[in-house]
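Architecture and fold: a report
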Amino acid sequence: MLAIAKKNGKWGQAPPNKRFERTRGTSPLAAQPNVRPKNKGVKMKLNDIFFGDPDGEKESAFENAAALFYDNDNMIESLSSKRKYFVVGRKGAGKTLLCYAYKESVENENHTVDIITCKDISLEEMLQLKGSDDVHSEYKLFWEWMIYLIFAKIIAVNRDTTIPEYNSIVDFLENNQISRDINAKKVIEETKKANFGGSIKGVLHTERGSEVKLANAEYFEYLGDLRDKVHACLRQTSLEHEVIVDNLDDRFSFNSTNYFSWLTSFISAVNDINVDFSKLDISARIVGVLRTDILACLNFPNSNKILMSSKVEIDWGDLEDRTSPLVKMIVHKARKSCPELEELDDRGVLHRLFKGTDSEIDRLISFILERTQLRPRDVIAFFNFAKERNGKMPYFIFDHFSSQLKSYSEYLLDEIKNEMSGHISDEDINELFTYISEFNITEFPYDKFEKFLSEERGLNRDKIRTAVNALYNYGIIINHWTIKKENNAAAVSRTKCNRFSSQYRTIHFPCGIKSMHLSRPVIYFFFHTTDFLCSHFR
């Protein structure tokens, strides 16, 4: 199992800051960690195990979160490379949690890491601040302005008065009533406010104490001065500063030209700023967190070139047995949250978590993983649902998971819809699942489904193709064919560009799918669980 190195006396121990104080809640998805040493002779119960939270930001705030983080494939070490500017992965793959784990691993009195969110940013507000009409870079000037202004705030907060340029930066912030808050939304508000009354006051070129002449100008007319002063401070300081920008997908819409311009401008700005830092030998970095399915939609060739060598991509593979890194993640969390398991190897931990022989445990592990999208968010949620009503038990059995399929199904259906949201409208998403419910056949030829949608729902051929491709792309249906009496299937893979083909039979996740070694269409148990199908889809 991958071990995480202790650094600065912090990693692997409960951090002393208040952000890691224990929180409490009643939701099974927000199950709280219990890492207190147990008295000798007291047997472990499932309630003693912390499997995590589907929300990475929430999990990062739990007690002992750093030690509980499973560093799959040395992701923390990969992210520590100054040539890496982007964290990339599917929704729910653990991008946010990796960023917080990295922060706890490297941050000390000489190294700061600030994670800022774009969740509350309004594209409409940014549209008023764009500095170019180029579709790929119209927001680039503002992104550069935001990033350099955030670094200016960090410089001001970490007072180093021995640097001459420090005073110019402080004057600039104070004269324009710009706070020290390291917050993306705040930067937009302050920039708009400065432009309303006249404009930004040009004080960067003056010496402290000399006469200051105010000049009316747009923010980007002072970007060059701000950039030079920030570079000068960062080159002279003994501190290392890093900024991570998260939640860039919150405003995603496939039909929004503004969003794609906003994102491509961000990628370009991050790359250019980091390249400048490298050329100037500056110990600073800006990192962006991006979703792979959104990146696949970008019509910006330069983004692929930029991302090729500068990304850290989170990939949990397609294994559905005990060798899967997702199983190793569960084992790690169990071992770190329960002292009784600390000395056991992986096999020993599994035999404490599950009742049965090796083969019985393997079947249960496959049962669990087949009903996920092979990402941490789903696996953690499934384990938390199973633990919710069986927390006093000393181990899991098959019924603990099978009895929670309905609740877990509802959770996963919402997750699928959330991931689809932005790519297609919410109305179309609901229609797609209505089609599945009304058609109510698990295996069928494509032409039969097309006929149903055409005659019963009045859809034209183009809309049918769009609907079927959406169902396929999110693993809700797969192609199925038979060659020499052997079942074969083609399922969507998040790392491959498979396409739906109407010449093969289409299948809705039958029970026999367990023998097909592919990325599993996630809708399987919706049809496998008849009671849920009747209650939820009708």
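Residues numbered from 1 in each chain as written. Predicted model: local features only at pLDDT ≥ 70, side-chain atom pairs only at ≥ 80, totals over all residues. Heavy atoms only, no water.

Some remarks on the packing of aromatic side chains
- Evaluated as defined, the whole model comprises 29 aromatic pairs.
- Ring centres of Trp-143 and Trp-262 lie 5.3 Å apart, and the angle between their planes is 50 degrees; this geometry places the pair in the tilted category. Here the residue Trp-143 occupies a position in helix α6 (residues 140-157), and Trp-262 occupies one in helix α10 (residues 257-279), the gap between them amounting to 119 residues. This pair shows no difference in class: Trp-143 is buried, exactly as Trp-262 is.
- With 6.5 Å between their ring centres and 70 degrees between their planes, Phe-385 and Tyr-408 make a pair best called edge-to-face. Here Phe-385, found in helix α16 (residues 376-388), pairs with Tyr-408, found in helix α18 (residues 405-420); they are 23 residues apart in sequence, far enough to count as distant. Like Tyr-408, Phe-385 is buried. (Phe/Tyr/Trp six-rings, centres within 6.5 Å; stacked < 30°, edge-to-face > 60°. Helix = DSSP H or I, 4+ residues; strand = E, 2+ residues; numbered from the N terminus. Buried < 20%, exposed > 50% of the residue type's maximum accessible area, 1.4 Å probe, protein only.)

What about the sheet that holds strand β3 (residues 240-246)?
- In space, the five strands of this open sheet follow the order β2-β3-β4-β1-β5, with parallel pairing throughout. The strands lining the two open edges of the sheet, one partner per strand, are β2 (111-117) and β5 (311-313). For this sheet the average axis-to-axis angle between neighbouring strands, irrespective of direction, equals 20 degrees.
- Its contacts with the sheet place helix α4 (residues 95-106) against β1 (86-89), β2, β3 and β4 (284-291), and it is angled at close to 160 degrees to β2. (Pairing = 2+ DSSP bridges. Axes fitted to C-alpha atoms, helices over the stretch in contact; angles between N-to-C directions. Contact = heavy atoms within 4.5 Å.)

Re the packing of α6 against helix α9 (residues 223-236)
- Direction vectors running N to C along α6 and α9 enclose 40 degrees, while the axes themselves pass 10 Å from each other. In terms of their interaxial angle, α6 and α9 are classed as oblique. Of the two elements, α6 crosses α9, and the hand of that crossing is left-handed. Contacts between α6 and α9 involve Leu-141, Glu-144, Trp-145, Tyr-148, Leu-149, Phe-151, Ala-152 and Ile-155 from the first element and Leu-223, Leu-226, Arg-227, Val-230, His-231, Cys-233 and Leu-234 from the second.
- Its residues assigned to classes, the contact of α6 with α9 shows twelve nonpolar, one polar and two charged. (Parallel < 35°, antiparallel > 145°, perpendicular 65-115°, else oblique. Left-handed = near helix turned anticlockwise from the far one by under 90°. Nonpolar A, V, L, I, M, F, W, Y, C, P; charged D, E, K, R; others polar.)

With respect to the pattern of salt bridges
- Summed over all chains, the structure comprises 24 salt bridges.
- With its nearest N and O atoms 2.3 Å apart, the salt bridge here joins Asp-272 to Lys-140. Of this pair, Asp-272 sits in helix α10 while Lys-140 sits in helix α6, placing them 132 residues apart in sequence.
- Under the relative-accessibility criterion, Lys-140 is labelled buried at 18%.
- Here Asp-293 and Arg-291 are joined by a salt bridge, their closest N and O atoms 2.6 Å apart. Comparing Asp-293 with Arg-291, the two get one shared label, buried.
- Residues participating in the shared-partner salt-bridge network are Arg-375, Arg-377, Asp-378, Glu-415 and Glu-419. (Salt bridge = Lys/Arg side-chain N within 4 Å of Asp/Glu carboxyl O.)

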